[in-house]
Amino acid sequence: MEYREMEKMGIRTSLLGFGCMRFPTNTDDSINEEETLDMIDKAYQSGVTYFDTAYPYHGGKSEEVTGRALARYPRDSYYLATKLPIWEVKSVADAERIFQEQLKRLQKDYVDFYLMHALNAGSWKTIKELDLLGYCEKLRTEGKIKYLGFSFHDEYAVFEEILTAYPWDFCQIQLNYMDKDTQATLKGVELAKKLKIPMIIMEPIKGGSLAKLPYDGIDELFKKALPEASTSSWALRYAGSFDNVKVVLSGMSTMAQVEDNLDTFAHFEPLNETEQRIIEQVADALNKRVQNGCTGCRYCMPCPAGVDIPRCFGIWNRYHIYENVNETKWSWTHNIEAEKKASNCIKCGKCEQACPQHIAIREDLACLQEELDSITNIK
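Residues numbered from 1 in each chain as written. Predicted model: local features only at pLDDT ≥ 70, side-chain atom pairs only at ≥ 80, totals over all residues. Heavy atoms only, no water.

*Asks:* What's the story with the packing of helix 2 (residues 62-70) against helix 3 (residues 92-106) in this structure? I'm lost.
*Replies:* For any two helices packed against each other, one specifies the inter-axial angle together with the distance between the axes. Remark: helix 2 packs on helix 3, axes separated minimally by 7 Å, with the N-to-C direction vectors making an angle of 45 degrees. The orientation of helix 2 with respect to helix 3, classified from their angle, is oblique. Of helix 3, the residues touching helix 2 (which contributes E63, E64 and G67) are Q102, R105 and L106. Tallied by class, residues from the contact of helix 2 with helix 3 come to one nonpolar, two polar and three charged. (Axes fitted to C-alpha atoms, helices over the stretch in contact; angles between N-to-C directions. Helix = DSSP H or I, 4+ residues; strand = E, 2+ residues; numbered from the N terminus. Parallel < 35°, antiparallel > 145°, perpendicular 65-115°, else oblique. Contact = heavy atoms within 4.5 Å. Nonpolar A, V, L, I, M, F, W, Y, C, P; charged D, E, K, R; others polar.)

Right, here's the structure in full:
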(Lines give C-alpha, C1' and ligand atoms only; values in the text may rest on other atoms or scores of the structure.)
Protein backbone atom coordinates (compact mmCIF):
# COMPACT_ATOMS: atom_id res chain seq x y z
CA MET A 1 0.00 0.00 0.00
CA GLU A 2 1.21 3.48 -0.89
CA TYR A 3 1.39 5.90 2.04
CA ARG A 4 1.83 9.68 2.07
CA GLU A 5 3.20 11.96 4.76
CA MET A 6 1.02 14.81 5.99
CA GLU A 7 3.95 16.83 7.21
CA LYS A 8 1.76 19.58 8.67
CA MET A 9 0.18 17.13 11.13
CA GLY A 10 3.09 14.74 11.46
CA ILE A 11 1.06 11.70 10.37
CA ARG A 12 1.11 9.15 7.57
CA THR A 13 -2.03 7.99 5.73
CA SER A 14 -2.77 5.43 3.05
CA LEU A 15 -3.05 7.11 -0.34
CA LEU A 16 -6.22 5.10 -0.99
CA GLY A 17 -9.08 6.23 1.21
CA PHE A 18 -12.32 4.26 1.64
CA GLY A 19 -15.27 6.52 0.81
CA CYS A 20 -18.33 5.40 2.76
CA MET A 21 -20.94 7.09 0.56
CA ARG A 22 -21.74 4.23 -1.81
CA PHE A 23 -21.96 1.06 0.28
CA PRO A 24 -23.73 -1.94 -1.31
CA THR A 25 -27.46 -1.86 -0.63
CA ASN A 26 -30.40 -4.21 -0.31
CA THR A 27 -33.58 -4.03 -2.39
CA ASP A 28 -35.09 -1.59 0.12
CA ASP A 29 -32.01 0.69 -0.21
CA SER A 30 -30.76 -0.18 3.28
CA ILE A 31 -27.04 -0.87 3.59
CA ASN A 32 -26.04 -4.49 3.02
CA GLU A 33 -23.98 -4.61 6.18
CA GLU A 34 -22.54 -8.08 5.67
CA GLU A 35 -21.03 -7.17 2.30
CA THR A 36 -19.95 -3.77 3.58
CA LEU A 37 -18.07 -5.22 6.55
CA ASP A 38 -16.34 -7.74 4.27
CA MET A 39 -15.22 -4.88 2.00
CA ILE A 40 -13.97 -2.75 4.88
CA ASP A 41 -12.17 -5.77 6.34
CA LYS A 42 -10.46 -6.41 3.02
CA ALA A 43 -9.38 -2.78 2.71
CA TYR A 44 -8.17 -2.50 6.30
CA GLN A 45 -6.26 -5.77 6.20
CA SER A 46 -4.62 -4.64 2.95
CA GLY A 47 -3.32 -1.43 4.51
CA VAL A 48 -6.05 1.20 4.03
CA THR A 49 -5.99 3.51 7.04
CA TYR A 50 -8.35 6.35 5.98
CA PHE A 51 -12.15 5.99 6.14
CA ASP A 52 -14.43 8.86 5.12
CA THR A 53 -18.11 9.14 5.99
CA ALA A 54 -20.59 11.98 6.60
CA TYR A 55 -23.75 12.82 8.52
CA PRO A 56 -26.18 12.48 5.55
CA TYR A 57 -24.65 9.48 3.73
CA HIS A 58 -27.08 6.60 3.23
CA GLY A 59 -29.82 8.53 4.97
CA GLY A 60 -27.72 8.88 8.10
CA LYS A 61 -26.83 5.17 8.34
CA SER A 62 -23.31 5.31 6.90
CA GLU A 63 -21.81 6.68 10.11
CA GLU A 64 -23.45 3.87 12.11
CA VAL A 65 -22.22 1.08 9.85
CA THR A 66 -18.76 2.62 9.46
CA GLY A 67 -18.50 2.98 13.23
CA ARG A 68 -19.48 -0.65 13.85
CA ALA A 69 -17.04 -1.87 11.21
CA LEU A 70 -14.09 0.06 12.61
CA ALA A 71 -14.96 -0.72 16.25
CA ARG A 72 -13.40 -4.14 15.66
CA TYR A 73 -9.95 -2.63 15.19
CA PRO A 74 -7.57 -0.72 17.51
CA ARG A 75 -8.63 2.94 17.53
CA ASP A 76 -5.13 4.20 16.81
CA SER A 77 -4.71 1.99 13.74
CA TYR A 78 -6.87 4.05 11.35
CA TYR A 79 -8.07 7.59 10.66
CA LEU A 80 -11.79 8.34 10.69
CA ALA A 81 -13.26 11.34 8.88
CA THR A 82 -16.78 12.73 9.02
CA LYS A 83 -18.43 16.05 8.23
CA LEU A 84 -20.63 18.77 9.69
CA PRO A 85 -23.61 19.48 7.38
CA ILE A 86 -23.59 23.28 7.40
CA TRP A 87 -26.98 23.43 5.62
CA GLU A 88 -28.58 21.98 8.77
CA VAL A 89 -26.85 24.36 11.18
CA LYS A 90 -28.67 27.51 12.28
CA SER A 91 -26.82 27.94 15.58
CA VAL A 92 -23.83 26.63 17.53
CA ALA A 93 -26.34 24.55 19.49
CA ASP A 94 -27.28 22.78 16.23
CA ALA A 95 -23.62 22.05 15.54
CA GLU A 96 -23.16 20.66 19.05
CA ARG A 97 -26.27 18.48 18.78
CA ILE A 98 -25.17 17.07 15.41
CA PHE A 99 -21.62 16.41 16.57
CA GLN A 100 -22.78 14.54 19.67
CA GLU A 101 -25.10 12.48 17.48
CA GLN A 102 -22.18 11.70 15.18
CA LEU A 103 -20.03 10.46 18.07
CA LYS A 104 -22.90 8.22 19.16
CA ARG A 105 -23.45 6.86 15.66
CA LEU A 106 -19.75 6.24 15.17
CA GLN A 107 -19.31 4.71 18.66
CA LYS A 108 -16.20 6.84 19.08
CA ASP A 109 -14.84 9.33 21.64
CA TYR A 110 -13.22 11.46 18.95
CA VAL A 111 -12.99 12.02 15.20
CA ASP A 112 -9.61 12.29 13.48
CA PHE A 113 -10.56 14.44 10.47
CA TYR A 114 -13.57 16.74 10.85
CA LEU A 115 -14.76 18.64 7.79
CA MET A 116 -17.08 21.54 7.13
CA HIS A 117 -19.19 19.73 4.53
CA ALA A 118 -19.56 20.86 0.89
CA LEU A 119 -18.57 24.50 1.36
CA ASN A 120 -19.69 27.17 -1.05
CA ALA A 121 -20.09 30.93 -0.77
CA GLY A 122 -23.35 30.63 1.15
CA SER A 123 -22.24 28.04 3.69
CA TRP A 124 -18.95 29.89 4.22
CA LYS A 125 -20.99 32.94 5.18
CA THR A 126 -22.90 30.83 7.71
CA ILE A 127 -19.66 29.54 9.22
CA LYS A 128 -18.37 33.07 9.71
CA GLU A 129 -21.62 34.44 11.08
CA LEU A 130 -22.00 31.64 13.65
CA ASP A 131 -18.26 31.33 14.40
CA LEU A 132 -18.41 27.60 13.75
CA LEU A 133 -14.64 27.51 13.44
CA GLY A 134 -14.44 28.76 17.00
CA TYR A 135 -16.76 25.94 18.05
CA CYS A 136 -14.60 23.37 16.23
CA GLU A 137 -11.46 24.76 17.84
CA LYS A 138 -13.15 24.14 21.18
CA LEU A 139 -13.78 20.52 20.14
CA ARG A 140 -10.12 20.19 19.19
CA THR A 141 -8.99 21.61 22.55
CA GLU A 142 -11.24 19.04 24.25
CA GLY A 143 -9.67 16.22 22.19
CA LYS A 144 -12.91 15.41 20.37
CA ILE A 145 -11.47 16.17 16.93
CA LYS A 146 -7.84 16.11 15.85
CA TYR A 147 -7.71 17.85 12.47
CA LEU A 148 -10.01 20.46 10.97
CA GLY A 149 -10.69 20.95 7.28
CA PHE A 150 -13.43 21.34 4.69
CA SER A 151 -14.81 19.79 1.54
CA PHE A 152 -15.62 22.12 -1.32
CA HIS A 153 -18.12 22.60 -4.17
CA ASP A 154 -18.00 26.05 -5.74
CA GLU A 155 -15.75 28.13 -8.00
CA TYR A 156 -12.05 28.88 -7.63
CA ALA A 157 -12.49 32.42 -6.30
CA VAL A 158 -14.53 31.08 -3.37
CA PHE A 159 -11.98 28.33 -2.77
CA GLU A 160 -9.18 30.86 -2.64
CA GLU A 161 -11.10 33.00 -0.16
CA ILE A 162 -11.83 30.06 2.15
CA LEU A 163 -8.39 28.47 1.91
CA THR A 164 -6.56 31.69 2.73
CA ALA A 165 -8.91 32.80 5.54
CA TYR A 166 -7.93 30.20 8.16
CA PRO A 167 -4.96 27.92 8.96
CA TRP A 168 -6.68 24.74 7.82
CA ASP A 169 -5.12 21.36 8.58
CA PHE A 170 -6.30 19.96 5.24
CA CYS A 171 -8.84 20.47 2.46
CA GLN A 172 -10.88 18.15 0.26
CA ILE A 173 -11.78 18.91 -3.36
CA GLN A 174 -13.27 17.18 -6.37
CA LEU A 175 -10.59 16.40 -8.93
CA ASN A 176 -10.35 14.10 -11.91
CA TYR A 177 -8.96 14.37 -15.42
CA MET A 178 -12.29 15.68 -16.72
CA ASP A 179 -12.89 18.23 -13.94
CA LYS A 180 -9.46 19.81 -13.69
CA ASP A 181 -10.83 23.16 -14.87
CA THR A 182 -14.00 23.23 -12.74
CA GLN A 183 -14.67 23.97 -9.06
CA ALA A 184 -11.34 24.46 -7.23
CA THR A 185 -9.47 23.63 -10.48
CA LEU A 186 -5.77 22.92 -10.88
CA LYS A 187 -5.15 26.48 -9.67
CA GLY A 188 -6.62 25.34 -6.36
CA VAL A 189 -4.25 22.38 -6.26
CA GLU A 190 -1.31 24.72 -6.74
CA LEU A 191 -2.60 27.18 -4.13
CA ALA A 192 -2.97 24.44 -1.51
CA LYS A 193 0.54 23.23 -2.27
CA LYS A 194 1.91 26.77 -1.94
CA LEU A 195 0.18 27.15 1.44
CA LYS A 196 1.37 23.66 2.48
CA ILE A 197 -2.19 22.50 3.12
CA PRO A 198 -2.50 18.77 2.32
CA MET A 199 -5.24 17.74 -0.08
CA ILE A 200 -7.74 14.92 -0.03
CA ILE A 201 -9.37 14.12 -3.36
CA MET A 202 -13.00 13.10 -3.83
CA GLU A 203 -14.73 11.93 -7.02
CA PRO A 204 -11.50 10.85 -8.78
CA ILE A 205 -13.65 8.51 -10.91
CA LYS A 206 -16.48 11.07 -11.22
CA GLY A 207 -19.13 8.98 -9.51
CA GLY A 208 -18.23 5.96 -11.66
CA SER A 209 -18.44 7.80 -14.99
CA LEU A 210 -14.71 7.28 -15.57
CA ALA A 211 -14.83 3.59 -14.66
CA LYS A 212 -16.38 2.51 -17.95
CA LEU A 213 -16.02 4.85 -20.89
CA PRO A 214 -18.46 4.98 -23.83
CA TYR A 215 -17.69 2.50 -26.57
CA ASP A 216 -16.21 4.24 -29.57
CA GLY A 217 -12.56 3.36 -29.20
CA ILE A 218 -11.81 5.76 -26.36
CA ASP A 219 -11.07 2.98 -23.88
CA GLU A 220 -8.66 1.46 -26.37
CA LEU A 221 -6.23 4.30 -25.76
CA PHE A 222 -5.81 2.95 -22.22
CA LYS A 223 -5.88 -0.73 -23.18
CA LYS A 224 -3.21 -0.32 -25.83
CA ALA A 225 -0.81 1.22 -23.31
CA LEU A 226 -1.58 -1.06 -20.34
CA PRO A 227 -3.71 -4.05 -21.36
CA GLU A 228 -4.14 -5.38 -17.81
CA ALA A 229 -4.98 -2.08 -16.11
CA SER A 230 -8.59 -1.16 -15.39
CA THR A 231 -10.06 2.05 -16.72
CA SER A 232 -10.63 3.19 -13.12
CA SER A 233 -6.96 2.78 -12.28
CA TRP A 234 -6.02 5.48 -14.77
CA ALA A 235 -8.34 7.98 -13.08
CA LEU A 236 -7.05 7.07 -9.62
CA ARG A 237 -3.44 7.35 -10.71
CA TYR A 238 -4.15 10.75 -12.24
CA ALA A 239 -5.40 12.06 -8.88
CA GLY A 240 -2.57 10.44 -6.95
CA SER A 241 0.13 11.86 -9.23
CA PHE A 242 -0.01 15.28 -7.52
CA ASP A 243 2.55 15.30 -4.72
CA ASN A 244 0.40 17.40 -2.37
CA VAL A 245 -2.44 14.88 -2.64
CA LYS A 246 -2.29 12.70 0.45
CA VAL A 247 -5.52 10.67 0.16
CA VAL A 248 -7.55 9.68 -2.91
CA LEU A 249 -11.06 8.67 -1.88
CA SER A 250 -12.97 5.99 -3.72
CA GLY A 251 -16.60 5.26 -2.91
CA MET A 252 -16.54 1.49 -3.35
CA SER A 253 -19.75 -0.50 -3.79
CA THR A 254 -18.48 -4.01 -4.54
CA MET A 255 -15.67 -6.28 -3.46
CA ALA A 256 -14.42 -6.27 -7.05
CA GLN A 257 -13.97 -2.51 -6.86
CA VAL A 258 -12.11 -2.84 -3.56
CA GLU A 259 -9.76 -5.44 -5.00
CA ASP A 260 -9.12 -3.45 -8.18
CA ASN A 261 -8.37 -0.28 -6.20
CA LEU A 262 -6.10 -2.16 -3.82
CA ASP A 263 -4.20 -3.49 -6.82
CA THR A 264 -3.76 0.06 -8.12
CA PHE A 265 -2.36 1.38 -4.82
CA ALA A 266 -0.40 -1.69 -3.72
CA HIS A 267 2.45 -0.69 -6.01
CA PHE A 268 1.37 2.82 -6.91
CA GLU A 269 3.12 4.58 -9.78
CA PRO A 270 2.42 8.21 -10.71
CA LEU A 271 1.57 8.77 -14.36
CA ASN A 272 4.65 9.25 -16.54
CA GLU A 273 4.80 11.77 -19.38
CA THR A 274 3.55 9.28 -21.97
CA GLU A 275 0.62 8.28 -19.77
CA GLN A 276 -0.22 11.92 -19.07
CA ARG A 277 -0.50 12.46 -22.83
CA ILE A 278 -2.81 9.45 -23.09
CA ILE A 279 -5.01 10.91 -20.34
CA GLU A 280 -5.17 14.16 -22.30
CA GLN A 281 -6.14 12.27 -25.46
CA VAL A 282 -8.93 10.45 -23.62
CA ALA A 283 -10.22 13.70 -22.11
CA ASP A 284 -10.19 15.35 -25.55
CA ALA A 285 -12.06 12.42 -27.09
CA LEU A 286 -14.70 12.51 -24.36
CA ASN A 287 -15.17 16.25 -24.65
CA LYS A 288 -15.78 15.91 -28.39
CA ARG A 289 -18.92 13.93 -27.58
CA VAL A 290 -20.78 17.02 -26.35
CA GLN A 291 -23.91 17.88 -28.33
CA ASN A 292 -23.35 21.63 -28.47
CA GLY A 293 -20.79 24.21 -27.44
CA CYS A 294 -22.57 25.57 -24.36
CA THR A 295 -19.94 26.92 -21.97
CA GLY A 296 -22.35 27.80 -19.16
CA CYS A 297 -21.63 31.52 -19.57
CA ARG A 298 -25.35 32.27 -18.92
CA TYR A 299 -25.53 35.15 -21.42
CA CYS A 300 -28.78 33.48 -22.52
CA MET A 301 -30.28 34.03 -19.09
CA PRO A 302 -32.73 34.95 -17.74
CA CYS A 303 -35.11 33.07 -19.98
CA PRO A 304 -38.54 34.78 -20.26
CA ALA A 305 -40.18 31.36 -19.80
CA GLY A 306 -38.03 30.40 -16.81
CA VAL A 307 -36.01 27.67 -18.55
CA ASP A 308 -32.57 27.11 -16.99
CA ILE A 309 -30.89 26.73 -20.36
CA PRO A 310 -27.30 26.12 -19.19
CA ARG A 311 -28.35 23.52 -16.64
CA CYS A 312 -30.45 21.66 -19.21
CA PHE A 313 -27.53 21.64 -21.65
CA GLY A 314 -25.15 20.57 -18.87
CA ILE A 315 -27.18 17.45 -18.07
CA TRP A 316 -27.61 16.64 -21.77
CA ASN A 317 -23.96 17.09 -22.63
CA ARG A 318 -22.76 15.07 -19.62
CA TYR A 319 -24.99 12.21 -20.70
CA HIS A 320 -23.44 12.16 -24.16
CA ILE A 321 -19.91 12.39 -22.77
CA TYR A 322 -20.24 9.49 -20.32
CA GLU A 323 -23.47 7.65 -21.25
CA ASN A 324 -24.09 7.27 -17.51
CA VAL A 325 -27.81 6.46 -17.49
CA ASN A 326 -28.25 6.33 -13.72
CA GLU A 327 -26.52 9.66 -13.14
CA THR A 328 -28.54 11.25 -15.95
CA LYS A 329 -31.83 9.94 -14.59
CA TRP A 330 -30.99 11.32 -11.15
CA SER A 331 -29.97 14.72 -12.52
CA TRP A 332 -33.03 15.08 -14.76
CA THR A 333 -35.47 14.10 -12.01
CA HIS A 334 -33.79 15.66 -8.95
CA ASN A 335 -31.37 18.40 -9.99
CA ILE A 336 -33.68 20.59 -12.04
CA GLU A 337 -37.21 21.71 -11.26
CA ALA A 338 -40.02 20.96 -13.74
CA GLU A 339 -40.64 24.66 -14.36
CA LYS A 340 -37.00 25.11 -15.42
CA LYS A 341 -36.91 22.26 -17.94
CA ALA A 342 -36.65 22.68 -21.68
CA SER A 343 -40.33 21.81 -22.24
CA ASN A 344 -41.25 25.31 -21.02
CA CYS A 345 -39.47 26.99 -23.92
CA ILE A 346 -41.78 29.41 -25.79
CA LYS A 347 -39.38 29.64 -28.76
CA CYS A 348 -39.06 33.42 -28.53
CA GLY A 349 -35.44 33.31 -29.71
CA LYS A 350 -34.16 35.88 -27.20
CA CYS A 351 -31.55 33.38 -25.96
CA GLU A 352 -30.13 32.78 -29.44
CA GLN A 353 -29.63 36.51 -29.99
CA ALA A 354 -27.48 36.65 -26.82
CA CYS A 355 -25.54 33.40 -27.26
CA PRO A 356 -21.86 34.07 -28.10
CA GLN A 357 -21.51 30.48 -29.36
CA HIS A 358 -24.38 30.93 -31.86
CA ILE A 359 -26.06 27.74 -30.65
CA ALA A 360 -29.44 26.73 -32.11
CA ILE A 361 -30.83 26.81 -28.57
CA ARG A 362 -34.52 26.36 -29.39
CA GLU A 363 -33.86 23.32 -31.54
CA ASP A 364 -31.48 21.78 -29.01
CA LEU A 365 -33.87 22.34 -26.10
CA ALA A 366 -36.60 20.42 -27.90
CA CYS A 367 -34.17 17.62 -28.73
CA LEU A 368 -32.77 17.28 -25.22
CA GLN A 369 -36.21 17.30 -23.57
CA GLU A 370 -37.32 14.36 -25.69
CA GLU A 371 -34.08 12.46 -25.19
CA LEU A 372 -33.75 13.00 -21.43
CA ASP A 373 -37.41 12.14 -20.87
CA SER A 374 -36.86 8.85 -22.69
CA ILE A 375 -33.78 8.10 -20.59
CA THR A 376 -35.72 8.83 -17.39
CA ASN A 377 -38.25 6.15 -18.37
CA ILE A 378 -35.56 3.45 -18.72
CA LYS A 379 -36.08 0.81 -16.02
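*Asks:* Would you explain the nonpolar core in this entry?
*Replies:* As a rule of thumb, soluble globular proteins bury nonpolar side chains together. With 89 residues, the main nonpolar core has F18, M116, F150, F159, W168, Y177 and L286 as its most contacted residues. Those residues in contact with W168, other than ones at most four positions away along the chain, are K8, M116, W124, L133, L148, G149, F150, I162, L163 and I197. Formed by 20 residues, the second largest nonpolar core is a distinct cluster that contains C303, V307, I361 and L365. (Core = buried A, V, L, I, M, F, W, Y, C linked by side-chain atoms within 4.5 Å. Buried < 20%, exposed > 50% of the residue type's maximum accessible area, 1.4 Å probe, protein only.)

*Asks:* Could you clarify how one ought to interpret the pattern of salt bridges in this entry?
*Replies:* Pairing is possible between side chains that carry opposite charge, provided their charged atoms lie close to one another. Within this structure, the stated rule accounts for 25 salt bridges. The residue E142 makes a salt bridge to K138 at a minimum N-O spacing of 2.8 Å. The class for K138 is partly exposed, based on a relative accessible area of 44%. Between E275 and R237 there is a salt bridge, with the nearest N and O atoms lying 2.7 Å from each other. Remark: R237 occurs in helix 9 (residues 231-240) and E275 occurs in helix 11 (residues 273-287); sequence separation between them is 38 residues. One continuous salt-bridge network, built from bridges that share partners, spans R298, D308, R311, E337 and K340. (Salt bridge = Lys/Arg side-chain N within 4 Å of Asp/Glu carboxyl O.)

*Asks:* Explain the sheet that holds strand 6 (residues 111-119) to me, please; I cannot follow it from the model alone.
*Replies:* Strand pairing in a sheet takes place through backbone hydrogen bonds and is either antiparallel or parallel in direction. Overall, parallel pairing links the eight strands, which are arranged 3-4-5-6-7-8-9-10 in a closed barrel. For this sheet the average axis-to-axis angle between neighbouring strands, irrespective of direction, equals 25 degrees. Here strand 6 runs beside strand 7 (residues 145-152); their pairing, made up of six bridges, is parallel. Bridge pairing in strand 7 places M116 opposite F150. Strand contacts of helix 10 (residues 255-266): strand 3 (16-19) and strand 10 (245-251), with the helix running at about 160 degrees to strand 3, the strand carrying the most contacts. (Pairing = 2+ DSSP bridges.)

*Asks:* Can you walk me through the packing of helix 12 (residues 309-322) against helix 13 (residues 325-334) in this structure?
*Replies:* Contact pair helix 12 / helix 13: the axes reach a minimum separation of 9 Å and the direction vectors enclose 170 degrees. When the axes of helix 12 and helix 13 are compared, the pair comes out roughly antiparallel. Side by side, helix 12 and helix 13 meet where C312, I315, R318 and Y319 of the first sit next to V325, E327, T328, S331 and W332 of the second. Of the residues in the contact of helix 12 with helix 13, the class split is five nonpolar, two polar and two charged.

*Asks:* Before we go on, may I ask you to explain the pairing of strand 9 (residues 199-202) in this structure?
*Replies:* Remark: a regular strand shows side chains that alternate across the two faces of the sheet. Of the two faces of strand 9, the one carrying M199 and I201 and the one carrying I200 and M202 are both buried. Here strand 8 (residues 170-174) runs beside strand 9; their pairing, made up of four bridges, is parallel. Bridging from a neighbouring strand, I173 pairs with I201 of strand 9. For the crossover from strand 8 across helix 7 (residues 185-194) to strand 9, the handedness is right-handed. (Right-handed = clockwise from strand over helix to strand, strands pointing away.)

*Asks:* How should the packing of aromatic side chains be read in this particular structure?
*Replies:* Tallied over the full model, the rule gives 20 aromatic pairs. With a centroid separation of 5.0 Å and an interplanar angle of 70 degrees, the aromatic rings of Y50 and F113 are classed as edge-to-face. With Y50 in strand 4 (residues 50-52) and F113 in strand 6, the pair connects residues that are 63 residues apart, well separated along the chain. Ring plane angle 10 degrees and centroid distance 5.5 Å describe the contact between F265 and F268, whose orientation is recorded as stacked. Accessibility expressed as a relative area gives 0% for F265, which makes it buried. Overall, F268 belongs to the buried group, its relative accessible area being 8%. (Phe/Tyr/Trp six-rings, centres within 6.5 Å; stacked < 30°, edge-to-face > 60°.)

*Asks:* I tried to follow the environment of Q172 on my own but got confused; where do I start?
*Replies:* With respect to the secondary-structure elements, Q172 resides in strand 8. According to the relative accessible area criterion, Q172 is buried, its value standing at 1%. In contact with Q172, other than residues within four places in its own chain, are D52, K83, L115, F150, S151, F152, I200, M202 and L249.

It is worth stressing that arrangement in space is one thing and function is another; only the former is reported here.
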